[in-house]
Amino acid sequence: MIEKILLADSGTGHSEEMLKALMEIPSIQRANVTVLHVVPPQVTSDAMTEKWEAGGRFLANAIQSLKLDPSHVSGLLRQGEPKDVVLKVAEEIDADLIIMGSRGLARIVSILENSVSQYVFQLSSRPMLLVKDDIYVKRINRIMVAMDKSDSAKQCLKLALFMLRDIKGGQLILVHVDPDQSGKHKELTGAEAERDPVLSAAVTEAKRSGVNYRCITSAGRPGEEICRIAEEMNVDLLMLGSPDRRPSIAKVLPDLDRLLGTSLSDYVRVHANCPVLLARTPAA
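About the thresholds
- Residues numbered from 1 in each chain as written.
- Predicted model: local features only at pLDDT ≥ 70, side-chain atom pairs only at ≥ 80, totals over all residues.
- Heavy atoms only, no water.
- Helix = DSSP H or I, 4+ residues; strand = E, 2+ residues; numbered from the N terminus.
- Buried < 20%, exposed > 50% of the residue type's maximum accessible area, 1.4 Å probe, protein only.
- Areas by Shrake-Rupley, 256 points an atom, 1.4 Å probe, with all protein chains shown as cover.
- pLDDT = per-residue confidence, 0-100.
- Contact = heavy atoms within 4.5 Å.
- Phe/Tyr/Trp six-rings, centres within 6.5 Å; stacked < 30°, edge-to-face > 60°.
- Lys NZ or Arg CZ within 6 Å of the ring centre and 35° of its normal.
- Salt bridge = Lys/Arg side-chain N within 4 Å of Asp/Glu carboxyl O.
- Core = buried A, V, L, I, M, F, W, Y, C linked by side-chain atoms within 4.5 Å.
- Expected span 1.5 Å × (residues − 1).
- Polar contact = N/O pair within 3.5 Å; in protein donor to acceptor, adjacent residues only side chain to side chain.
- Pairing = 2+ DSSP bridges.
- Right-handed = clockwise from strand over helix to strand, strands pointing away.

> Quick rundown of the overall build of the protein chain? Include the residues and the values.
Broken down by element type, the protein chain carries 11 helices and 11 strands. The burial tally for the protein chain puts 51% of its 284 residues in the buried class. Approximately 13,900 Å² of the protein chain is accessible, and the part contributed by carbon and sulfur atoms is 49%.

> Could you give an account of the confidence of the model for the protein chain, with specific residues and numbers?
Mean pLDDT for the protein chain: 85, with 86% of residues reaching 70 or above. When pLDDT is averaged over each element of the protein chain, strand β6 (residues 142-146) comes out on top at 97 and helix α4 (residues 107-112) at the bottom at 39. This stretch, residues 104-114, has a pLDDT under 50; its non-local contacts, to residues over four places away or in other chains, come to 24 contacts. Considering only residues more than four positions removed or in separate chains, one finds that residues 247-261, a stretch of pLDDT under 50, has 27 contacts.

> Please set out the packing of aromatic side chains residue by residue, giving values where relevant.
As enumerated under the stated definition, the model contains zero aromatic pairs in all. One Lys or Arg, lysine 83, reaches over the ring of tyrosine 119 and ends 4.7 Å from the middle of that ring.

> Which residues make up the environment of lysine 186, and what values go with them?
Summarising the element assignment, lysine 186 is placed in the loop between β7 (171-178) and β8 (188-189). Between the alpha carbons of lysine 186 and serine 218 there is a distance of 6.0 Å; along the sequence they are 32 residues apart.

> Requested: an account of helix α3 (residues 82-92), with residues and values cited.
Looking only at α3, the buried set comprises Lys83, Val85, Val86, Leu87, Val89 and Ala90. In this structure, the buried side of α3 is in contact with β1 (4-8), β2 (32-39), β3 (73-79), β4 (97-102) and α5 (116-123). After α3 finishes, the residue aspartate 94 shows a positive phi value of roughly 55°.

> Could you give an account of the pattern of salt bridges, naming the residues involved and the relevant values?
When their charged atoms lie close together, side chains carrying opposite charge are able to pair. Using the criterion set out here, one finds 11 salt bridges in the structure. Residue aspartate 94 is joined to arginine 126 by a salt bridge in which the shortest nitrogen-to-oxygen separation is 3.1 Å. With aspartate 94 in the loop between α3 and β4 and arginine 126 in the loop between α5 and β5 (128-132), this pair connects stretches of sequence that are 32 residues apart. For arginine 126, a relative accessible area of 12% translates into the label buried. Across the pair aspartate 166 and arginine 165 runs a salt bridge, and its minimum N-O distance is 3.8 Å. Taking relative accessible area as the criterion, aspartate 166 reaches 42% and is therefore assigned partly exposed. One salt-bridge network, in which partners are shared between bridges, spans Glu187, Glu225, Arg228 and Glu232.

> With reference to specific residues and values, describe the nonpolar core.
Residues Ile5, Leu22, Ile28, Met163, Leu172 and Leu174 are the most contacted members of the largest nonpolar core, which totals 55 residues. At nine residues, helix α6 (residues 151-164) tops the list of elements feeding residues into this core. Not counting chain neighbours up to four residues away, the residues in contact with methionine 163 comprise Ile2, Leu22, Ile25, Ser27, Ile28, Ile143, Leu237 and Leu277. Core analysis: the next-biggest nonpolar cluster, separate from the first, contains 38 residues, Ile93, Ile98, Val120 and Met128 among them.

> How would you explain helix α8 (residues 197-209) if you had to name every residue and give the values?
The periodicity of an α-helix, 3.6 residues per turn, causes residues three or four places apart in sequence to face the same way. For α8, built from 13 residues, the straight-helix expectation of 18 Å at 1.5 Å per residue is met to within 8% by its first-to-last C-alpha distance of 19 Å. Where the residues of α8 are buried, they touch α6, β7, α7 (190-194) and β9 (213-219). Among the residues of α8, the N-terminal cap falls to aspartate 196, whose side-chain oxygen and the backbone nitrogen of valine 198 are separated by 2.8 Å. Looking one or two residues beyond α8, the residue adopting positive phi is glycine 210, at roughly 70°.

> Describe unusual backbone geometry, naming the residues involved and giving the relevant values.
The backbone of lysine 67 shows a phi angle near 55°, a positive value even though the residue is not glycine. Residue placement: lysine 67 occurs in the loop between α2 (45-66) and β3. Not every positive phi belongs to a glycine, and aspartate 94 is a case in point at roughly 55°. When its relative accessible area of 39% is taken as the criterion, aspartate 94 is described as partly exposed.

> Describe in detail the environment of lysine 83, supporting the description with residues and values.
The topology assignment puts lysine 83 in helix α3. In this structure the C-alpha to C-alpha distance between lysine 83 and leucine 123, which are 40 residues apart in sequence, comes to 9.9 Å.

> Pulling in residues and values, what's your account of the pairing of β1?
By the criterion of burial, β1 is predominantly enclosed, with four of the five residues buried. As paired elements, β1 and β2 share five bridges and run parallel to each other. Looking at the pairing, leucine 7 lines up with valine 35 of β2. Once the chain exits β1 it traverses helix α1 (residues 15-22) before rejoining the sheet at β2, and the crossover so formed is right-handed. Sheet topology places β1 next to β4; four bridges connect them, and they run parallel. Each bridged residue has a counterpart across the sheet, and for alanine 8 the counterpart in β4 is methionine 100.

Structure (structure tokens):
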């Protein structure tokens, strides 16, 4: 399911560490990796030449530090606006996953500060793995999937099982949060949680794949609950379904209405204390 990975490497953050952790997973080790570094436009030709040469050195050092099979990694140096170039290259190579660093800015701040990761997240329909600058990247053993009835959540489950099937001692944590605010529901685990209709089909898939799993159901504000459970369970990777959020008319512009509105994926990507993988499926 993951055969082509695009690492958008700006030289800051933990995106390289995230790729290294991901490439330790047996089912992903044969994936082809494209390491992209973008040189922003410069005012003068001399400045452009200097930045281009520095970019080439950076790219060579980055590839060397990743220590991947040379037959499965390639470098790509491009000039332009980073956010536009990342989107274009992801389409060119038909990436199955985009890995990017993220400052974890809140929605309106990310718009005002022209966040590259937020722009790409908003406009790309491809799965994205966002790694905040202030988290510690760990070896991937415990993967949490936030489940609901959406197709994107089902895509998350498939991707998690694909990763976990060959991880010795790995565990899948299935979580469903009921947005009911009445306070009548409490957190359930074990057999009681497995009877949750949203989780029961996922449990069947986990058993069929031979993957060790644990179920948790809760109620409250989904974003807050998902982040709380992820922290309490000390998960290494949090996976969340996120629909294709490109505007139907102006596909070259961020969907500001949704950015400024309530968004579960926006909340989680900002507040989670672990890397967040957002699986995408185009909206109907």
